Structures are given as structure tokens and as C-alpha cells.
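# Summary of the model geometry
Residues per chain are reported as follows:
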Amino acid sequence: MQPMNEIPFEVALGERVEDMLDACTRCGKCVEVCPSVKPAGIADTRPEDIIGGILDLVRTGDGGEASRKWAASCMLSGECIKACDYGVNPRFLLAMARLGIARADNALPERRRQGVERFRDVSRDVTMLSRLQLDAEAGDGRTQPLLRHLAAARR
Ligand code: SF4
């Protein structure tokens, strides 16, 4: 059984990430020393912008293309860790950025699926209401109370 004072892993991880996000000054030194920047083809992007995008990716899963490329191209050299004067572990932030990207990429198909389902529901309702309306116009007296009930339910 888990001791009462033990912090769950997700909470501890979240706190560590928050601490690093707060501590990072976006100076860009970690990007400047990283050996994977050039092979990734992002050497023309300002280091400050690249690390800024990494922080955005960690927070929201959304960030600049160069930052995405940097996160994907990490070769674990550890040079970034040595370069940081603020106790941040940029390599860890890159791993968190990759996690943010994966979460955002997984969430998109799910949002699309929900949108399609909502559209289908609305289409079904419209079809049913149209049919009832036609029945009512054709003089089916039993349909009118049902139509009124449906209209009231939608308000
Ligand atoms: S992680 Fe460190 S070296 Fe990199 S931008 Fe932030 S403060 Fe600068």
C-alpha cells in the first residue's frame, strides 16, 4: 500500500516540468551547443526561438516547426545540460516536448471523430423533424403534439 506522504509519480513529474519551465530564461545556449541542430537543418532559426517553441510544445503540444525538428533529432549528447546556467535539463524538456507532440497528435483524430458523430446526430434529428413536419402537413393529427414536445425540448 502507498504511504500517505508519497507524491504520485505524475504529480512529481508535473512539478519538475513546471520548475524547469519557470527556470528557463530562453537564452538559447542549449540550442547553440547542441550537435544535432545542424543535421536537423534548423541552424538558421534563432536559438531563442527554438527553445521558446520547445517550452510551448511542453505546455500545449503546439510549437514552431524548427522546435519540433529539434525535439525529434535529439541524440542524447548531453551538451545542452552542461551549457545551461540555470539548472534546467533541456534534454528532459525535449523528451517532454515529444510527449506533448504525441498527445496533441493523438487528440486530433479523437476531436474529428467527435465532430463527425455530432454532425450525424444533428442530421438524424433534422431528418426526423422533416418527416414529422411532412406527416403533420399531410393531416396526421397525432404528429402535432410530438412536434410541439420536440420543439420544447430543444429550447
Ligand atoms: S534550458 Fe537553459 S540554456 Fe536552454 S534556453 Fe533555457 S536557460 Fe538557456
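Keep in mind that this is a model prediction, so the values were computed, not measured. (Residues numbered from 1 in each chain as written. Predicted model: local features only at pLDDT ≥ 70, side-chain atom pairs only at ≥ 80, totals over all residues.)

Quick look at the overall build of the protein now. Scanning the protein from N- to C-terminus turns up 7 helices and 0 strands. Its helices and strands taken in sequence order, the protein reads α-α-α-α-α-α-α from the N to the C terminus. Expressed as a percentage of the 155 residues in the protein, the buried residues total 19%. Partitioning the contacts of the protein with sequence separation of at least 6, the portion at a separation of at least 24 is 57%. (Helix = DSSP H or I, 4+ residues; strand = E, 2+ residues; numbered from the N terminus. Buried ≥ 20, exposed ≤ 12 C-beta atoms within 10 Å, placed from the backbone. Contact = placed C-beta atoms within 7 Å.)

In this section: the environment of Ser 36. You can see Ser 36 is positioned in the loop between α2 (29-33) and α3 (47-60). On the basis of neighbour counts, which here come to 19 C-beta atoms within 10 Å, the residue Ser 36 falls in the partly exposed class. With 36 residues separating them along the chain, Ser 36 and Ala 72 place their C-alpha atoms 9.7 Å apart. Ser 36 has contacts with Ser 73, Cys 74 and Met 75, leaving out every residue within four places of it along the chain.

Predicted coordinates in areas of low pLDDT are best not read in detail. A residue-level look at the protein finds 77% of positions with pLDDT of 70 or above and a mean pLDDT of 85. Within the protein, the element-level pLDDT minimum falls on helix α7 (residues 143-154), averaging 61, and the maximum on α2, averaging 98. (pLDDT = per-residue confidence, 0-100.)

A few words now on the nonpolar core. Counting residues in each nonpolar core, the largest one holds 22 residues, and the members touching the most others are Val 31, Ile 50, Ile 54, Trp 70, Leu 93 and Ala 97. Only α2, α3, α4 (65-73) and α6 (90-137) provide two or more residues apiece to this core. For this core, the element with the most residues is α3, which contributes 5 residues. If we ignore the near neighbours within four places in the chain, the residues touching Val 31 are Val 37, Pro 47, Ile 50, Ile 51 and Trp 70. (Core = buried A, V, L, I, M, F, W, Y, C linked by C-beta atoms within 7 Å.)

Taken together, 13 residues lie near the ligand, and Cys 24, Cys 27, Cys 30, Cys 84 and Val 88 sit nearest. Across the shell around the ligand, the residue classes tally to 9 nonpolar, 2 polar and 2 charged. (Near = placed C-beta within 6 Å. Nonpolar A, V, L, I, M, F, W, Y, C, P; charged D, E, K, R; others polar.)

Over its 15 residues, helix α1 (residues 9-23) extends 21 Å from the first C-alpha to the last, a length consistent with the 21 Å expected when each residue adds 1.5 Å. Buried residues are scarce in α1, accounting for 1 of its 15 residues. (Expected span 1.5 Å × (residues − 1).)

Time to look at the packing of α3 against α4. Packing of α3 against α4 brings their axes to within 8 Å, and their N-to-C directions diverge by 80°. One way to sum up the angle between α3 and α4 is to call them roughly perpendicular. In this structure, α3 contributes Asp 49, Ile 50, Gly 53, Ile 54 and Leu 57 to the contact, and α4 contributes Ala 66, Ser 67, Arg 68, Trp 70 and Ala 71. Partitioning the contact of α3 with α4 into residue classes produces 6 nonpolar, 2 polar and 2 charged. (Axes fitted to C-alpha atoms, helices over the stretch in contact; angles between N-to-C directions. Parallel < 35°, antiparallel > 145°, perpendicular 65-115°, else oblique.)

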